[in-house]
Each structure stands twice: as structure tokens, then as C-alpha cells.
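The chain contents come next:
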Amino acid sequence: MMATTSDSGSHQELTSELAALVEKTISEKIRRRRELIAEQEATNVDHAEEINRLQSDVYALRDRLDQLRDSHLDFSALYRILQQGRT
């Protein structure tokens, strides 16, 4: 019975850490998207493709964050999304 309590605590700790990481990644992508929008307006350089990709990433991460908070997350899928976001 103690193992179950420990496993539950570990799962909650991991869930909290992943949620914090996802929130940080979302914030970074939003910041970068805003930078690109400002640069695009100032220089007329077209960043539409990257801006759209960042927005799609943010939507996907927010969906995963909602799933994480509902504790029905496939951690491997979240890890893949975060790794893709770093490239």
C-alpha cells in the first residue's frame, strides 16, 4: 500500500514539473512570436510561416497542458512536442 502512495506522490511531482516546463515553453514561444511580429512590422521581412508555426506549437502545448492537469497525459507525446519546439 505504501508503494501506491509513493507512486502517486511521484506522479504528482512529475506532473507538476512537466506543467512548469510546458508553461515555460509556452511563454518562450509566445515571446518569440511577438518578437517576430514586431520585427516583421518594422522591417517588412515576412516571418508569417514561423509565426504560424509558433502559434500552432502554443496551441498544441496548451492542449497537452490541459491534458496534464486532467492527469490523462501521454508523457512521451509531451516530450516529443517539447523536443520539436527546441529545434
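Residues numbered from 1 in each chain as written. Predicted model: local features only at pLDDT ≥ 70, side-chain atom pairs only at ≥ 80, totals over all residues. Heavy atoms only, no water.

Structural notes on the overall build of the protein chain
For step 1, the next point in the chain: When you go through the protein chain residue by residue, the secondary structure sums to three helices and zero strands.
For step 2, the next point in the chain: Helices (α) and strands (β) of the protein chain occur, in sequence order from the N terminus, as α-α-α.
For step 3, the next point in the chain: Among the 87 residues that make up the protein chain, the fraction classed as buried is 24%.
For step 4, the next point in the chain: Residue pairs in contact within the protein chain that sit at least 24 positions apart in sequence constitute 56% of those at least 6 positions apart.
For step 5, the next point in the chain: For the protein chain, the exposed surface amounts to about 6200 Å²; the carbon and sulfur share of it is 50%. (Helix = DSSP H or I, 4+ residues; strand = E, 2+ residues; numbered from the N terminus. Buried < 20%, exposed > 50% of the residue type's maximum accessible area, 1.4 Å probe, protein only. Contact = heavy atoms within 4.5 Å. Areas by Shrake-Rupley, 256 points an atom, 1.4 Å probe, with all protein chains shown as cover.)

Digging into the pattern of salt bridges
For step 1, the next point in the chain: Counting across every chain of the model gives six salt bridges.
For step 2, the next point in the chain: A salt bridge links Glu50 to Arg53; the nearest nitrogen and oxygen atoms lie 3.8 Å apart. Residue Glu50 and its partner Arg53 are both found in helix α2 (residues 48–69); the two are separated by three residues, about one turn of the helix.
For step 3, the next point in the chain: A relative accessible area of 35% means that Arg53 is categorised as partly exposed.
For step 4, the next point in the chain: Ionic contacts of the salt-bridge type, sharing partners, join the residues Lys29, Glu50, Arg53 and Asp57 into one network. (Salt bridge = Lys/Arg side-chain N within 4 Å of Asp/Glu carboxyl O.)

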